[in-house]
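The residues making up each chain are set out below.
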Amino acid sequence: MPINPTLPYDDNNIFAKILRGEIPSKKVYEDDWAFAFEDINPQAEVHTLVVPKGRYVSWDDFSARAPDAEIAGFIRAVGEVARMKGLVESGYRLLANVGFHAGQEVPHLHVHIFGGEPLGPMIARR
């Protein structure tokens with residue numbers, strides 16, 4: 001069910017629990033700013049999630065409130081994961097859903113990295 005990205009951060013969301021080690025995940029990458037892990041329901045050959053370690057509901061929340069160093073660190077982490085996965089030469093897609101119309105389901109900013117195969121059109125056709 002899509003969430004309202006204007007609500008306060010919920011410390012009980014699934015990604016917060018993964019960051020605290022309360023729910024297991026298949027870790028791909030971790031640094032001071034970000035944690036990356038494999039999606040449990042992959043939608044492409046490669047489907048990795050990257051989440052900031054800070055408490056941000058959405059991309060909008062993150063871009064408005066995070067310090068510059070945290071923004072830079074998170075964006076660099078996303079790039080590092082794509083390189084680690086060997087996706088740069090063949091290409092990959094980044095997706096960050098924000099709010100109802102985009103179908104955001106977890107109230108913690110996360111970026112999906114898709115790749116490893118042709119991904120088709122950017123959005124569903126009408």
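Below: a short report on this structure. (Residues numbered from 1 in each chain as written. Predicted model: local features only at pLDDT ≥ 70, side-chain atom pairs only at ≥ 80, totals over all residues. Heavy atoms only, no water.)

1. Considering the layout of surface pockets
Step number 1: Of the voids in this model, the largest pocket is the one considered here, and its volume is about 540 Å³.
Step number 2: In terms of lining, the largest pocket is formed by 24 residues, of which the most central are Phe-15, Asp-39, Leu-49, Glu-105 and His-112.
Step number 3: When contributions to the lining of the largest pocket are tallied by element, the ones reaching two or more residues are helix H1 (14–19), strand S2 (34–38) and strand S3 (46–52).
Step number 4: No other element matches H1, which puts three residues into the lining of the largest pocket. (1 Å grid on protein atoms, 1.4 Å probe; cavity = no way out; pocket = protein on both sides within 12 Å on 5 of 7 lines; lining within 4 Å. Points joined across faces, edges and corners; volume = space filled by probe spheres on them. Helix = DSSP H or I, 4+ residues; strand = E, 2+ residues; numbered from the N terminus.)

2. Considering the sheet that holds S2
Step number 1: The five strands lie next to each other as S1-S2-S3-S5-S4, forming an open sheet whose pairing is antiparallel. The sheet terminates laterally at strand S1 (27–30) and strand S4 (92–95), the two strands that pair on one side only. Mean inter-strand twist for the sheet, computed between neighbouring axes without regard to direction, equals 20°.
Step number 2: Here S1 pairs with S2 via three bridges, running antiparallel. What sits directly across from Lys-27, in S2, is Phe-37. (Pairing = 2+ DSSP bridges. Axes fitted to C-alpha atoms, helices over the stretch in contact; angles between N-to-C directions.)

3. So, the side chain of Asp-39
Step number 1: Here Asp-39 lies in the loop between S2 and S3.
Step number 2: For the buried Asp-39, no salt bridge exists, and the shortest N-O distance to an oppositely charged side chain is 12 Å, to Lys-85.
Step number 3: A distance of 2.6 Å separates the side chain of Asp-39 from the backbone nitrogen of Asn-41, its partner in a polar contact.
Step number 4: The contact partners of Asp-39, leaving out residues within four places of it in the chain, are His-47, Thr-48, Leu-49 and His-112. (Buried < 20%, exposed > 50% of the residue type's maximum accessible area, 1.4 Å probe, protein only. Lys, Arg positive; Asp, Glu negative; His and termini not counted. Salt bridge = Lys/Arg side-chain N within 4 Å of Asp/Glu carboxyl O. Polar contact = N/O pair within 3.5 Å; in protein donor to acceptor, adjacent residues only side chain to side chain. Contact = heavy atoms within 4.5 Å.)

4. Notes on the environment of Asn-97
Step number 1: The topology assignment puts Asn-97 in the loop between S4 and strand S5 (111–115).
Step number 2: Taking the C-alpha atoms as reference, Asn-97 lies 8.0 Å from Val-111; in sequence the two are 14 residues apart.
Step number 3: Ignoring any residue separated from it by four or fewer positions in sequence, one finds Asn-97 in contact with Ala-102, Gly-103, Gln-104 and His-112.

5. With respect to the packing of aromatic side chains
Step number 1: In this structure the tally under the stated criterion is six aromatic pairs.
Step number 2: For the ring pair Phe-15 and Phe-37, a centre distance of 5.6 Å and an interplane angle of 70° mean the geometry is edge-to-face. Of this pair, Phe-15 sits in helix H1 while Phe-37 sits in strand S2; the two residues are 22 residues apart in sequence, bridging distant segments of the chain. An identical accessibility class is assigned to Phe-15 and Phe-37; each is buried.
Step number 3: Consider the rings of Trp-59 and Phe-74, whose centres lie 6.4 Å apart with planes at 55°: the pair is tilted. Of this pair, Trp-59 sits in helix H2 (residues 59–65) while Phe-74 sits in helix H3 (residues 68–84), and the two are 15 residues apart along the sequence.
Step number 4: Residue Trp-59 is classed as partly exposed on the basis of its relative accessible area of 33%.
Step number 5: Owing to a relative accessible area of 0%, Phe-74 belongs among the buried residues under this scheme.
Step number 6: In textbook terms, an aromatic cluster arises when at least three aromatic residues are bridged by ring pairs, as seen for Tyr-56, Trp-59, Phe-62 and Phe-74. (Phe/Tyr/Trp six-rings, centres within 6.5 Å; stacked < 30°, edge-to-face > 60°.)

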